[in-house]
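One-letter residues, chain by chain:
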Amino acid sequence: MYRQTRLLGVLLILQVVAMVGIGVWLLSSIDWDRVMYLTNEQGQIHVQTNDGPWLKPLVQAILFVIYFLAPVILLLLAGLGFLLLRRRGWMLASVAQAIIMLACLFFYTDPRPWFAYPLIAYSILMILYLNSQGVRAVVHSWRPAGGRSETAHGE
Amino acid sequence: MANEESLDAKNAEALLRRFEPVIRFTRGEWFYPMDAEPYVDVCSLWVRRPGENAVCVVPAGDLDLDRLAQQPEDTTGAVHYLKIPPPKEDEKRGLWARLRARRLHKDPDWPRETFRAGRGRLARVGYISRLADALFSLVLLARGRVPGGDVEGARVLYGRLMEKEEHFRYHGRVIRQDGWIVLQYWLFYAFNDWRSNFFGANDHEGDWEKVFVFLSESESGEVQPEWAAYAAHEETGDDLRRRWDDPELEKSGEHPMVYVCAGSHASRYSPGEYLTELAFPLPRAFATARRVARRFWYVTLRQYAGEHSAEMPYERFTIPFVDYGRGDGLSVGPGQDREWDPPRLMIDPLPSWIAGYRGLWGLYTRDPFEGEDAPAGPMYDRDKTISREWYDPVGWAGLDKVSTREEELDVITGRQAEIEERRDRLRSELLEKSSRLKTLGMDAEATRDRSHLSKLHETQTQHIEELSKEVETIRAELSEDEVLNESLRDHAERLRNGERPPARAHLAHPVRPVSEAESQAGRVAQLWASISVAVVLLTLIVIFAYQRQHLLSALVFAIAMFAFIEASFRRRLTRFIVSVNIGLAIVGALVLLQHYFWQIVVFAVLGVGLYILWENLRELGR
């Protein structure tokens, strides 16, 4: 039981590390000098009608942060929860996977960045693992006696 | 009714009175069991022939039970029905007056009780059912229905009748069938106001309900109550009845306790609120797709098997309504708020109105679903055929396969004798066939490898196979009979020792009231349930009107949000998240397949190859 739970925690933390890594890479590929140049003294960004090649990474990075900040936090909490053998990690992890999949599918429709595919693949594997018999058995065994709490376990 | 036999009036009435039920109503009920006679006396009799307008046959005031029985033969498809007179002008109350009276807790005039709805039924079901419910209400405008003023007319009429002579009466019938004595308590109500007053599925004038008690009789003539069966809507069979020693069957002395649901007058064993479903068939293709998907998920993949009903009916779509059988209102019966008046007996010779009147006991609305049409009398169904409850009450309650306690041991002895006789016959058959099989075996052995006898050998082999199967079947039957006989012996022994089989073993899907936990919902959840369908429809319109450039995203977002809110309110968040995740995983897998099809194929083949290599090497190493 502990082994399966810890493995789940490690896999979730790995997902966090990978996503943070992608985020850092995206932020580092932005031409910050250009961005700073376009920012005036009042801290406002001039609207540029002509999209330059430097703008694409900026947009991607901003969208990445918007879409993935919340699920990364949820994954971190869930992963730490499982590592520390705490309850409620299952629901957090599941919600995070749903948000990641949705965000990737939104990404897929327009900018179609390369990182969408590995994120989708990893998310699919995690969804399958989270819903596997073994993990569910562990989550069920944590059900508090006499209590019916939808968010604490896998129903 | 071959073995049916009525008891004489004196004995019948004594038995009926001895086991008559105690009926507990829900606070706010308007109509109570009454005698059919005063109701008929004030009604008019009408007939509607196919393609013609309804014609009044006997005007109000000229009708009585005897005249009701003189219904003439009529053309096929003609429907006779009674009609409650409309209230007089000075007795009518406008909508405002009715609402005001209800608010002041003075409604109705008789008896003075007010109904308070619990948790809204819509909070217990999903969007689709809510939408279907709205459509169902709209369809009511198009299909036949009881006019809104009718319930007021019935209320005034019932109040007038009760003020004239307050009474609580049932119509009693006692028959013998298949060794049982069946006490039938037929309860007549002036009106079924489930839809108008209790947010139910239908209204109709006149309402016949029933409670049956099944007795066994010893050789000395002593009777013993064994089962009770309460009618509720169109339910039939094993789930209807409870054994006399079942704790769910509450009793007051020898009187079974019945909890009658408000308006619908469905009878229940326990107090509470019941979710009653109105079922509609689904289109075949949709039902098949649903069945396949559910089987794949619950049975093949064994996902959440047992947690959600894998045996849910796929062919039906249901709209739930709540039946309020709280038992917190008036109680009628021995030692209760009101006592029963002497019953009106329906025993041989049958009163003429029972067999003679085959029409409806209230307005005929021509509702295709029949929910708004009044019922026929105790003896008939709406289509004028004799009702099963009348000619086969034992079968109706699923008791046709159950022996009375008096008969049990005799039935077992008879069955054991039958099995012994059969076993003797099978043994001699087995002896003969075994001997023949051995002979054939010897013949086949002798003709083997003889080319000139090959055809004969082939036939012999075929005969041996056939005979061998027959012998096997006989041996299996003998063995089964032996085990069965042993079980019967044990069962008889237990019965002799006074042991009884479990009282609830026959119940497959007993109807239970909604639990406390299920019925607890916040006001916000109830409010959401009431407004959700309208909000969803409005949102969809707004998206189509103003968000066309982001139609897909807006729709996905809106649907996800609504589904999330709904799942949270209904405490199904886990199930919802699992479903969403599985759906997204499938879409994601398709995206990956589209882009990396060959790479995935190569990796898959490589993976399978490596796995096989690993397994084979491991085998070598052992």
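Residues numbered from 1 in each chain as written. Chains lettered and ligands numbered in written order. Predicted model: local features only at pLDDT ≥ 70, side-chain atom pairs only at ≥ 80, totals over all residues.

Novice: Break down the overall build of chain A for me, with residues and values.
Specialist: Per the secondary structure count, chain A includes six helices and zero strands. Within chain A, the fraction of its 155 residues that count as buried is 31%. In chain A, of all internal contacts separated by at least 6 residues, the share reaching a separation of at least 24 is 64%. (Helix = DSSP H or I, 4+ residues; strand = E, 2+ residues; numbered from the N terminus. Buried ≥ 20, exposed ≤ 12 C-beta atoms within 10 Å, placed from the backbone. Contact = placed C-beta atoms within 7 Å.)

Novice: Describe the overall build of chain B, naming the residues involved and giving the relevant values.
Specialist: From N to C terminus, chain B includes 17 helices and 17 strands. Across chain B, every contact between residues at least 6 apart in sequence was considered, and the portion connecting residues at least 24 apart equals 73%.

Novice: Describe the environment of Phe569(B), with residues and values.
Specialist: Structurally, the position occupied by Phe569(B) is in helix α16 (residues 551-569). Not counting residues within four places of it along the chain, the set of residues in contact with Phe569(B) comprises Ala525(B) and Trp528(B).

Novice: An account of the interface of chain A and chain B is needed here, citing residue identities and associated values.
Specialist: Taken residue by residue, the interface counts 22 residues in chain A and 19 residues in chain B. Among the elements of the structure, α4 (89-109) and α5 (116-130) of chain A are those that each provide at least two residues to the side of chain A that touches chain B. In terms of residue count, the dominant contributor to the side of chain A that touches chain B is α4(A) (eleven residues).

Novice: Break down the domain arrangement of chain B for me, with residues and values.
Specialist: Taken domain by domain, chain B holds domain 1 (5-402), domain 2 (406-496) and domain 3 (521-621). Each of domain 2 of chain B and domain 3 of chain B has a C-alpha centre, and these two points are 58 Å apart. (Domains from an automatic or database assignment.)

Novice: Tell me about unusual backbone geometry, and please be specific about residues and values.
Specialist: Residues and elements named next belong to chain B. Cis geometry marks the peptide bond from Asp348 to Pro349; its omega dihedral reads -5°. Along the chain, Pro349 falls in the loop between β17 (344-345) and α9 (352-356). Even without being a glycine, Asp178 presents a positive backbone phi close to 50°. Inspection of the secondary structure assignment puts Asp178 in the loop between β6 (171-177) and β7 (180-192). Using a count of 19 C-beta atoms within 10 Å as the deciding quantity, one classes Asp178 as partly exposed. Backbone geometry places His265, a non-glycine residue, at a positive phi of 60°. You can see His265 is positioned in the loop between β12 (255-260) and β13 (267-268). Overall, His265 belongs to the buried group, with 28 C-beta atoms counted inside 10 Å.

Novice: Give a detailed account of the pairing of strand β9 (residues 223-230) of chain B, specifying residues and quantitative values.
Specialist: Burial runs high along β9(B): six of the eight residues are buried. Between the antiparallel neighbours strand β8 (residues 204-217) of chain B and β9(B) lie five residues, among them Gly221(B) with a positive phi of about 95°. (Pairing = 2+ DSSP bridges.)

Novice: Can you break down the nonpolar core residue by residue, with the values?
Specialist: In this structure, Val182(B), Leu183(B), Ala190(B), Phe212(B) and Tyr230(B) are the most contacted members of the largest nonpolar core, which totals 93 residues. The leading source of residues in this core is β7(B), at eleven residues. In this structure Leu183(B) touches Leu15(B), Leu16(B), Phe19(B), Val174(B), Phe212(B), Val213(B) and Leu215(B), once residues within four positions along its chain are discounted. Phe64(A), Val72(A), Ile124(A) and Ala585(B) belong to the second largest nonpolar core, which has 39 residues in total. (Core = buried A, V, L, I, M, F, W, Y, C linked by C-beta atoms within 7 Å.)

Novice: Tell me what's going on with the sheet that holds strand β5 (residues 79-83) of chain B, and back it up with residues and numbers.
Specialist: All names here are of chain B. Reading across the sheet, the three strands line up as β4-β3-β5 and stay open at both edges, with antiparallel pairing between neighbours. Each edge of the open sheet is held by one strand with a lone partner, namely β4 (55-58) and β5. Here the average twist between neighbouring strands, direction ignored, is 35°. In terms of strand pairing, strand β3 (residues 44-48) meets β4 through three bridges, oriented antiparallel. Residue pairing in the sheet places Val47 in a bridge with Val55 of β4. (Axes fitted to C-alpha atoms, helices over the stretch in contact; angles between N-to-C directions.)

Novice: So what's going on with the confidence of the model for chain B? Which residues, and what values?
Specialist: All names here are of chain B. Per-residue confidence for chain B gives a mean pLDDT of 84; residues scoring 70 or more make up 85%. Ignoring residues within four places in sequence, the model shows residues 102-108, a span with pLDDT below 50, making eleven contacts including any to other chains. Per the prediction output, this complex has pTM 0.72; the corresponding ipTM is 0.81. (pLDDT = per-residue confidence, 0-100.)

Novice: Please set out the environment of Thr439(B) residue by residue, giving values where relevant.
Specialist: Position of Thr439(B) relative to the elements: it lies in helix α12 (residues 405-447). Linking Thr439(B) and Phe191(B), residues 248 residues apart in sequence, is a C-alpha distance of 79 Å.

Novice: Describe the packing of helix α15 (residues 523-546) of chain B against α16(B), listing the residues and the values that go with them.
Specialist: Residues and elements named next belong to chain B. Viewed as axis vectors pointing N to C, α15 and α16 meet at an angle of 175°, and their least axial separation amounts to 11 Å. Of the possible angle classes, the one that applies to α15 and α16 is roughly antiparallel. The segment α15 lies against α16, with Ala525, Trp528, Val536, Thr539 and Ile543 engaging Leu551, Ala554, Leu555, Ala558, Phe562, Ile565 and Phe569. Taken together, the residues of the contact of α15 with α16 break down into eleven nonpolar, one polar and no charged. (Parallel < 35°, antiparallel > 145°, perpendicular 65-115°, else oblique. Nonpolar A, V, L, I, M, F, W, Y, C, P; charged D, E, K, R; others polar.)

Novice: Give me the lowdown on the confidence of the model for chain A, citing residues and values where you can.
Specialist: Residue and element names in this part refer to chain A. Per-residue pLDDT for chain A has a mean of 78; in total, 77% of the residues score no lower than 70. For chain A, the element scoring lowest by mean pLDDT is helix α2 (residues 32-37), at 72; α5 scores highest, at 92. Residue range residues 142-155 is modelled with pLDDT below 50. Its contacts to residues more than four positions away, or to other chains, number 25 contacts.

Novice: Go over α15(B) with me, naming the residues and quoting the values.
Specialist: Residues and elements named next belong to chain B. Here α15 spans 32 Å end to end across 24 residues, near enough to the 34 Å set by a 1.5 Å rise per residue. Where α15 bends most, at Ile531, the angle is about 50°. Turning to α15, its buried residues are Ala525, Ala529 and Ser532. (Expected span 1.5 Å × (residues − 1). Bend = angle between axes of the 7 residues up to and from the residue.)

Novice: Before we move on, can you summarise the packing of α5(A) against helix α17 (residues 573-621) of chain B with the specific residues and values?
Specialist: Relative orientation of the contacting elements α5(A) and α17(B) amounts to 140°, with a least axis distance of 9 Å. With respect to α17(B), the element α5(A) is oriented oblique. In this structure, α5(A) crosses over α17(B), and the sense of that crossing is left-handed. Contacts between α5(A) and α17(B) involve Tyr117(A), Ile120(A), Ala121(A), Ser123(A), Ile124(A) and Ile127(A) from the former and Asn581(B), Ala585(B), Gly588(B), Ala589(B), Val591(B), Leu592(B) and His595(B) from the latter. Residues belonging to the contact of α5(A) with α17(B) are distributed by class as follows: nine nonpolar, four polar and no charged. (Left-handed = near helix turned anticlockwise from the far one by under 90°.)

Novice: Any chance you could break down the pairing of β8(B) for me, citing the residues and the numbers?
Specialist: Residues and elements named next belong to chain B. In terms of burial, β8 is a largely internal element, twelve of the 14 residues being buried. Bridge count for β7 against β8 is eleven bridges, and the pairing is antiparallel. In the strand pairing of β8, Asn192 is matched with His204. Bridging between β8 and β9 involves seven bridges; their strand directions are antiparallel.

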